[in-house]
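So the chains spell out like this:
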Amino acid sequence: MNRYERLNQERKIVKKKKRVAAYCRVSTSKEDQTNSFESQRRYFKQYIENNPDWELYEIFAEM
C-alpha cells in the first residue's frame, strides 16, 4: 500500500464532521424584516444541527 492509499484509509476511519456556515440577510430595517432575520437564523441553525455529518461553524448576517 502506497502512502496515498494509506492516508485515504486513515481519513476514512477518522470521520470528521463538515464545518458548515449559514448566511442570513434582510433588505430593510423594518420590524417584519427583523422577524424574518430571526426566522432565518433559527431555520439554518436547526437544519445544520439536524444533519449528523455537519457542525455549525458560524451564522453570518447582513442587515
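Residues numbered from 1 in each chain as written. Predicted model: local features only at pLDDT ≥ 70, side-chain atom pairs only at ≥ 80, totals over all residues. Heavy atoms only, no water.

Here the protein averages 83 in pLDDT, and 79% of its residues register 70 or above. The spread of mean pLDDT over the elements of the protein runs between helix 1 (residues 3-13), the lowest at 71, and strand 1 (residues 18-25), the highest at 93. (pLDDT = per-residue confidence, 0-100. Helix = DSSP H or I, 4+ residues; strand = E, 2+ residues; numbered from the N terminus.)

Following the criterion strictly, the structure yields three aromatic pairs and no others. Ring geometry for Y43 versus Y47: centroids 5.7 Å apart, planes at 20°, classification stacked. You can see Y43 and its partner Y47 sitting in helix 2 (residues 31-49), four residues apart, about one turn around the helix. Where Y47 meets W54, the ring centres are 5.9 Å apart and the plane angle is 55°; that geometry is what we call tilted. (Phe/Tyr/Trp six-rings, centres within 6.5 Å; stacked < 30°, edge-to-face > 60°.)

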